[in-house]
Amino acid sequence: MSDFGISALYEGSSKHRWVVTCPSCEKEDELDFFRHVVKRSGAPGGGWEPVDEDRAASSAEGDLRAMCDECGAPLDRGAGRWLALHPERQRRGFHISKLMDGSTPVRGIWEQFREAQDDPKLLQRFYNAVLGLPYSPEGGKLTLALVKSRRFRYADLSSRFWGSVRTMGIDVGSPSKVVVSDLVEGQQRRDLEEALGRPWKRQEQGPAHDPELDAKPKEEQRPRALRRLLGAWEVRSLAEVDRLVERFRPRCICIDALPEIEATIAARKRWGALIGGAGRVWRVQYLFDQVREIGLDHSSGLAKVDRTYLLDLSARDWQDGYRVCPSNVEELVRGAYVQELLVPTRVEEETSRGIPVFRWTKGKDHFFHADAYDRLAAELCRHGQVTGEQSRAFEGL
Ligand SMILES: [Zn+2]
């Protein structure tokens, strides 16, 4: 847990961190296992891999190295200094990790981490004892490195890559946040996967092959939707969303039902008229019931879904490589899109009856939710829950 015990004491302290200077580009940075030693594998469900690709396969070349995330040069882990984030605070607190001891082999740390992947208890011990960090469970947070690893230069591909099913997610607030994506399907998907260097076997017919799904029965073999972020916007009123709806013509729009109940009901009518029916616009209400299903009321256009369940679905698309974003993702909405995506942390809590539950923490995280509503819109398209004048089959999305 992040907010209790030693971790909370450290949070209120001077927060001394071990910083090292890159010998090549001279960037000074806190030594960080999740940026300098490991990275998310590009393959869906591929987990983690060492940043030091040259030495990843074999120990014959020597120990794994911590690598600068700016220029890729090896870092000298031991040659650093203590830097306080809050030098003015009375209580001194030092973040100590085995990584900063240059005589502890990185390969041993990496192997401990790899072996702990499927065992939450081992993983917790690894976070606490090896990295000196509070444990956040798998899928605990999106990181800048992860989002950057999903960037893709769309212009490199032909216009064939424009997906045919578009979705929109809106988080209502002042300002409201809007996210638009499309589902990449069929031949476009296979071409995009190939361009992304996915180690998936190509098939001439049928859906793209996903090794994870092989063991499952036939009807469950539809691959997860591959979704491409088209853009993100900030708007001062829902009326301003109208022009985005006209421009992108999404097949499905999801917007949070609260707190602007009347405004979202009116918007549903307006946008429905633009895109082929109010059945394509869903108002979303978060529940806290830990039920992993989406409850739909077609007459009122209300979709009820457990908050953690939906946010998990959305975050896992990033983590597992089913979400790709434009190469300028860090510039969207003057950086706010990525910033807000990285705010929430998935933490474990206990209910009043002592039952452990997971939840995503709150904060300035509006785009994280707009992204999740957009994800829900894709899910509703996929399951044929979007009514309207189209008759297109959704098979294979
Ligand atoms: Zn560097």
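Residues numbered from 1 in each chain as written. Predicted model: local features only at pLDDT ≥ 70, side-chain atom pairs only at ≥ 80, totals over all residues.

(A) Quick look at the sheet that holds strand β2 (residues 28-30). A sheet is described by the order of its strands in space; here three strands give the open sequence β2-β1-β5, paired in antiparallel fashion. At either margin of the open sheet sits one strand with a lone partner, and together these are β2 and β5 (80-84). Pairs of neighbouring strands in the sheet enclose a mean axial angle of 40°, with direction left out of account. Relative to β2, strand β1 (residues 16-21) is paired through three bridges, and the arrangement is antiparallel. Bridge pairing in β2 links V19 to E30. (Pairing = 2+ DSSP bridges. Helix = DSSP H or I, 4+ residues; strand = E, 2+ residues; numbered from the N terminus. Axes fitted to C-alpha atoms, helices over the stretch in contact; angles between N-to-C directions.)

(B) A look at the pairing of strand β14 (residues 323-326). Pairing between strand β6 (residues 151-152) and β14: two bridges, direction parallel. Opposite R151, over in β14, you have C325 as the bridge partner. In this sheet, β14 lies alongside strand β9 (residues 226-235) in parallel orientation, the contact comprising two bridges. Bridge assignment links R228 to a residue of β14, and that residue is V324.

(C) Local environment of the nonpolar core. Ranked by size, the top nonpolar core spans 55 residues in total, and within it I170, I253, C254, V284, Y373, L376 and A377 carry the most contacts. Ranked by the residues each element gives to this core, the list is headed by helix α12 (residues 366-382), at ten residues. Ignoring sequence-local partners within four residues, the contact set of A377 consists of T167, M168, G169, C252, I253 and C254. W18, V51, I109 and Y127 belong to the second largest nonpolar core, which has 22 residues in total. (Core = buried A, V, L, I, M, F, W, Y, C linked by C-beta atoms within 7 Å. Buried ≥ 20, exposed ≤ 12 C-beta atoms within 10 Å, placed from the backbone. Contact = placed C-beta atoms within 7 Å.)

(D) Region of the structure containing unusual backbone geometry. Here the bond from S174 into P175 is cis, since omega is 0°, no more than 30 degrees from zero. Tracing the backbone through its elements, the reader meets P175 in the loop between β7 (165-171) and β8 (176-184). At the junction of L258 and P259, the peptide bond is cis and its omega measures out at 0° in the coordinates. Mapped onto the elements, P259 comes out in the loop between β10 (252-256) and α9 (261-275). At R249, a residue that is not glycine, the phi angle is positive and equals roughly 45°. Structurally, R249 is set in the loop between α8 (241-248) and β10.

(E) Representation of the pairing of β9 within the structure. Pairing between β8 and β9: nine bridges, direction antiparallel. Note on β9: the bridge partner recorded for V184 is L226.

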